[in-house]
Amino acid sequence: MAVMLAPLLRLPPAARVDLLLVLVGAILYSIAWPTLHVTHDVPAAVQPMIAALAAWPIVLARANPALGWAISAAGALVIPMTFDTVGGYHIPWQVVHVLVLMVLLLVVSARSPLPAVVVAWLTTVLLFVVFVPGQDGRGWAVGLTVLVVFGLLVRWLVSSRLELAEQEEAADVERARRAVLEERAQIARDLHDIVAHHMSLVVVQAQSAPYRIDGLSAEVTAEFESIGATARAALNEVRGMLGVLRSDGQVAEYAPLPGIDGIDELIENSRRAGLVVTVERDALPHDPSEATGLVLYRILQESLSNAARHAPGASVRVRLVGSDTEVALTVTNDPSGAAAAAENRTGGHGIIGMRDRATSVGGTVTTGATIDGGFAVRAVLPLTVAPGTHVLSVANIAPA
């Protein structure tokens with residue numbers, strides 16, 4: 001038995017319900033056909049069709065209950081007008097036909113649109129009032145009305161349960177989202193506090209070194225000043241970008257975002273760090289949008305950092321070219337250190353981050369090895385960006 005039922009259990013629930021309805025329809029048909037001559041004066045040749053009209057509409061109870069009811073109701077209209085009852089049988093339809101019609105009316109009440117429910121209810125009530133003799137028709141009308149009300153109650157109960165389940169699911173998703181946001185905010189607060197603390201120590205040590213250490217040369221003193229200035233700039237950027245994520249009531253310190261005006265300082269800081277950087281400018285615009293300026297600055301910053309890490313000792317050429325609609329940045333490092341660069345270039349996310357930044361303002365970034373064995377980064381960005389464009393920041397760019 002279990003082996004026979006196994007294929008049935010593998011069917012989808014809807015298919016199993018349809019199969020059950022077919023089985024019920026076959027049972028009702030096997031009852032309606034042999035007993036039809038007992039209740040109605042129907043020619044033998046027509047009896048299979050009349051019995052089918054009474055029993056088989058039930059197979060549509062799941063797939064299309066309104067259609068099934070319409071077929072059953074049409075049969076309930078035609079049969080009393082075409083065939084007479086026999087043997088003192090006073091109901092104009094077979095019991096099987098009445099049961100199928102009531103079941104379909106109940107399913108229509110529970111599942112079909114409300115206009116279809118109203119039509120089915122009124123039509124069925126009229127059928128019983130017109131064709132059932134005496135007071136029985138009115139009694140059937142009351143019973144059918146109760147049946148429709150019960151179906152509507154079931155409908156509203158199921159609908160309210162589904163709506164409640166959807167609300168609970170939405171609440172669970174919202175709770176999970178809030179938990180993730182709170183965790184990210186906590187990480188941002190910790191990162192802000194840690195970085196601000198240590199960067200502050202770097203600034204203090206660099207600024208106080210000439211006073212704490214005797215005999216420093218002018219070059220060393222200038223180097224400490226450069227370290228302090230770089231650390232202060234980095235600290236201001238960290239506070240400006242991560243401080244806004246604090247939710248503990250403390251006011252974040254806001255620093256203006258870097259842009260195209262900060263490129264000279266960025267290049268000068270790179271030179272102080274040991275990079276040999278040459279710059280070529282050609283019709284560089286002075287007033288690109290803030291978004292373009294920020295992305296341009298970040299791409300140059302990342303490119304110089306990559307050159308310092310992956311191609312130490314190589315000279316770097318920076319070329320900025322502007323036009324009426326766009327600005328192009330090319331950063332190329334010489335072959336020196338190319339072996340180290342090849343080993344490390346695939347390990348981080350710096351290039352991916354540069355591409356994401358450029359895409360966020362409608363630009364492009366291309367990277368690759370040069371003919372002489374060096375490496376080049378080329379970014380082409382539009383001068384103007386639509387207001388409200390989201391520019392990727394350090395919070396959503398993976399570290400290199």
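Counting starts from 1 at the beginning of each chain's written sequence and moves along it residue by residue. This being a predicted model, a pLDDT of at least 70 is required before a residue's local features are given, and a value of 80 or more before pairs of side-chain atoms are given or counted; all residues contribute to the totals for chains, interfaces and linings. Working from all heavy atoms in the structure, the side-chain values ignore hydrogens and water.

Focus on the environment of Thr85
Then, in step 1: Think of it this way: any DSSP run of H or I at least four residues long counts as a helix, any run of E at least two long counts as a strand, and we number them from the N terminus. Turning to its location among the elements, Thr85 is positioned in the loop between helix 4 (65–82) and helix 5 (95–111).
Then, in step 2: Note on exposure labels: buried denotes an accessible area under 20% of the residue type's maximum, exposed denotes more than 50%, and partly exposed covers the range between, all computed with a 1.4 Å probe on protein chains only. Owing to a relative accessible area of 35%, Thr85 belongs among the partly exposed residues under this scheme.
Then, in step 3: In this structure the C-alpha to C-alpha distance between Thr85 and Thr39, which are 46 residues apart in sequence, comes to 5.5 Å.
Then, in step 4: For Thr85, the side chain forms a polar contact with the main-chain oxygen of Tyr89, separated by 2.9 Å. Within 3.5 Å is the distance limit for a polar contact, defined as a pair of N or O atoms, with the added protein rule that one can donate a hydrogen and the other accept it, and that residues adjacent in sequence qualify only through two side-chain atoms.

Here we look at the pairing of strand 2 (residues 315–322)
Then, in step 1: Burial along strand 2 is one-sided: Val316, Val318, Leu320 and Gly322 are buried, while Ser315, Arg317, Arg319 and Val321, pointing the other way, are not.
Then, in step 2: Strands were regarded as paired on the criterion that DSSP finds at least two bridges between them. Bridge count for strand 1 (residues 276–282) against strand 2 is seven bridges, and the pairing is parallel. Opposite Asp282, over in strand 2, you have Val321 as the bridge partner.
Then, in step 3: Examined bridge by bridge, strand 2 and strand 3 (residues 326–333) share seven bridges and lie antiparallel to one another. Bridge pairing in strand 3 links Arg317 to Thr332.
Then, in step 4: In sequence, strand 2 turns back onto strand 3 through a hairpin of three residues.

Here we look at a nonpolar patch on the surface
Then, in step 1: A residue counts toward a patch only above 30% relative accessible area and without a salt bridge, and it is joined to like-charged neighbours within 9 Å or, for Val, Leu, Ile, Met, Phe, Trp and Tyr, to nonpolar neighbours within 5 Å. Exposure was quantified through the Shrake-Rupley algorithm and a 1.4 Å probe, taking into account, for residues, occlusion by the shown protein chains and nothing else. Throughout this description, the term salt bridge denotes a Lys or Arg side-chain nitrogen within 4 Å of a carboxyl oxygen of Asp or Glu. A cluster of nonpolar side chains, contributed by Leu20, Leu23, Val24, Ile27 and Ile31, occupies part of the molecular surface with about 420 Å² of accessible area.
Then, in step 2: Relative to the helices and strands, Ile27 is located in helix 2 (residues 13–39).
Then, in step 3: Taking relative accessible area as the criterion, Ile27 reaches 43% and is therefore assigned partly exposed.

Some points on the packing of helix 3 (residues 47–55) against helix 5
Then, in step 1: The contact between helix 3 and helix 5 brings their axes to 7 Å, and the two run at 30°. Taken together, the residues of helix 5 that come into contact with helix 3 (itself represented by Leu53, Ala54 and Ala55) are Val96, His97 and Val100.
Then, in step 2: Nonpolar residues are Ala, Val, Leu, Ile, Met, Phe, Trp, Tyr, Cys and Pro. Charged residues are Asp, Glu, Lys and Arg, and all others, Gly as well, are polar. When its residues are assigned to classes, the contact of helix 3 with helix 5 shows five nonpolar, one polar and no charged. Only C-alpha atoms enter the line fits that serve as axes; for helices the fit covers just the stretch in contact. Angles between N-to-C directions range over 0 to 180 degrees. Whether two residues are in contact is decided by their heavy atoms: any pair within 4.5 Å suffices.

Quick notes on the sheet that holds strand 5 (residues 375–382)
To summarise the sheet geometry, strands pair through backbone hydrogen bonds and adopt either a parallel or an antiparallel arrangement.
Then, in step 1: If you trace the five strands from one edge of the open sheet to the other, you get 1-2-3-5-4, paired in mixed fashion. Either end of the sheet is taken by a strand with one partner, and the two such strands are strand 1 and strand 4 (364–369). For this sheet, the mean angle separating the axes of adjacent strands, direction not counted, is 10°.
Then, in step 2: In terms of strand pairing, strand 4 meets strand 5 through six bridges, oriented antiparallel. Within the sheet, the bridge partner assigned to Gly368 lies in strand 5 and is Ala376.
Then, in step 3: Docked against the sheet, helix 9 (residues 263–272) engages strand 1 and strand 2, running at close to 160° with respect to strand 1.
Then, in step 4: Across the face of the sheet, helix 12 (residues 350–360) comes into contact with strand 4 and strand 5 while running at roughly 155° to strand 4.

What about the pattern of salt bridges?
Then, in step 1: In total, this model carries eight salt bridges according to the counting rule given.
Then, in step 2: Asp172 is the salt-bridge partner of Arg175, the closest N and O atoms lying 2.0 Å from each other. Here Asp172 and Arg175 lie together in helix 7 (residues 136–212), a separation of three residues that amounts to about one turn.
Then, in step 3: Relative accessible area serves as the criterion here: at 51%, Arg175 is assigned to the exposed category.
Then, in step 4: One salt bridge in this structure joins Arg177 and Glu174, with 2.6 Å as the shortest N-O distance. Here Glu174 and Arg177 lie together in helix 7, a separation of three residues that amounts to about one turn.
Then, in step 5: Residue Glu174 is classed as partly exposed on the basis of its relative accessible area of 27%.

Description of the pairing of strand 3
Then, in step 1: Burial analysis of strand 3 places seven of its eight residues in the buried class, which makes it a mostly covered element.
Then, in step 2: In terms of strand pairing, strand 3 meets strand 5 through eight bridges, oriented antiparallel. What sits directly across from Thr332, in strand 5, is Ala376.

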